Amino acid sequence: GMPEASSSSKDSIGHEPFRAVDGIRTLESSWWAKPYPAMWQMDLGEPKRLRGVHVWPYWGSRYYQYTVEVSTDGKDWQQVVDMSKNTTLSTPEGDRFEFESTDVRYVRVNMLYHTRNTGVHLVEVEVIEE
């Protein structure tokens, strides 16, 4: 089944956290929250051996700054992506990151900044298994 998804913030109706793990990579089926910073999190249900993550921020003449952290227990987190100084516009191809294989149950995206407005938006987040 689909991973569980949650967030730290007030989500927009119709753009709940699960929309970033529903397998639908369209702008309509995306998670929206405001204001930044806002945290989005996925629970894979059990630890899986991951070697990367693919993040699709909302695209269209805008960029986002964010980090991605992973955890096996939801308490100790390891940062695997640092896009906190990103100034490259988002695209429909998304941002693919690879890292040293590690056991992961939780994936957290910390959305820090967005150029267009105070909201943050994730179209999809996928994990890359070993």
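Up top is the structure these notes are about.
Residues numbered from 1 in each chain as written. Predicted model: local features only at pLDDT ≥ 70, side-chain atom pairs only at ≥ 80, totals over all residues. Heavy atoms only, no water.

(A) The arrangement of the environment of Gly 52 in detail. Checked against the element boundaries, Gly 52 lands in strand E4 (residues 38–57). The class of Gly 52 is buried, set by a relative accessible area of 0%. Placed 21 residues apart in sequence, Gly 52 and Trp 31 show a C-alpha to C-alpha distance of 21 Å. In contact with Gly 52, not counting residues within four places along its chain, are Phe 97, Glu 98, Phe 99, Val 127 and Ile 128. (Helix = DSSP H or I, 4+ residues; strand = E, 2+ residues; numbered from the N terminus. Buried < 20%, exposed > 50% of the residue type's maximum accessible area, 1.4 Å probe, protein only. Contact = heavy atoms within 4.5 Å.)

(B) Structural view of the pattern of salt bridges. Under the criterion given, the structure shown has eight salt bridges. Between Glu 16 and Arg 19 there is a salt bridge, and its shortest N-O distance comes to 3.2 Å. A salt bridge links Glu 98 to Arg 51, with the shortest nitrogen-to-oxygen separation between them at 3.2 Å. With a gap of 47 residues between them, Glu 98 in strand E7 (residues 95–114) and Arg 51 in strand E4 connect regions that are remote in the sequence. A residue is classified by how much of its surface remains accessible, and Glu 98, at 49% relative accessible area, is partly exposed. Through salt bridges that share partners, Arg 49, Asp 103 and Glu 130 make up one connected network. (Salt bridge = Lys/Arg side-chain N within 4 Å of Asp/Glu carboxyl O.)

(C) Quick peek at the nonpolar core. Counting residues in each nonpolar core, the largest one holds 31 residues, and the members touching the most others are Trp 31, Trp 40, Val 53, Tyr 66, Val 68 and Leu 122. If you list the elements that add at least two residues to this core, you get strand E3 (31–34), E4, strand E5 (64–71), strand E6 (78–83), E7 and strand E8 (120–129). With eight residues, E4 is the largest single contributor of residues to this core. (Core = buried A, V, L, I, M, F, W, Y, C linked by side-chain atoms within 4.5 Å.)

(D) How the structure looks around the packing of aromatic side chains. On inspection of all chains with the given rule, the structure shows five aromatic pairs. Ring centres 5.4 Å apart and planes at 70 degrees place the aromatic pair Tyr 36 and Tyr 113 in the edge-to-face group. On the criterion of sequence distance, the pair formed by Tyr 36 in the loop between E3 and E4 and Tyr 113 in strand E7 is long-range, its members being 77 residues apart. Using a relative accessible area of 30% as the deciding quantity, one classes Tyr 113 as partly exposed. With centroids separated by 6.4 Å and ring planes inclined at 55 degrees, the aromatic side chains of Tyr 63 and Tyr 113 adopt a geometry described as tilted. Remark: Tyr 113 occurs in strand E7 and Tyr 63 occurs in the loop between E4 and E5; sequence separation between them is 50 residues. One aromatic cluster is present, built from ring pairs that chain together Tyr 36, Tyr 63 and Tyr 113. When the ring centre of Trp 77 is taken as origin, the NZ or CZ atom of Arg 108, which lies over that ring, is 3.8 Å away. (Phe/Tyr/Trp six-rings, centres within 6.5 Å; stacked < 30°, edge-to-face > 60°. Lys NZ or Arg CZ within 6 Å of the ring centre and 35° of its normal.)

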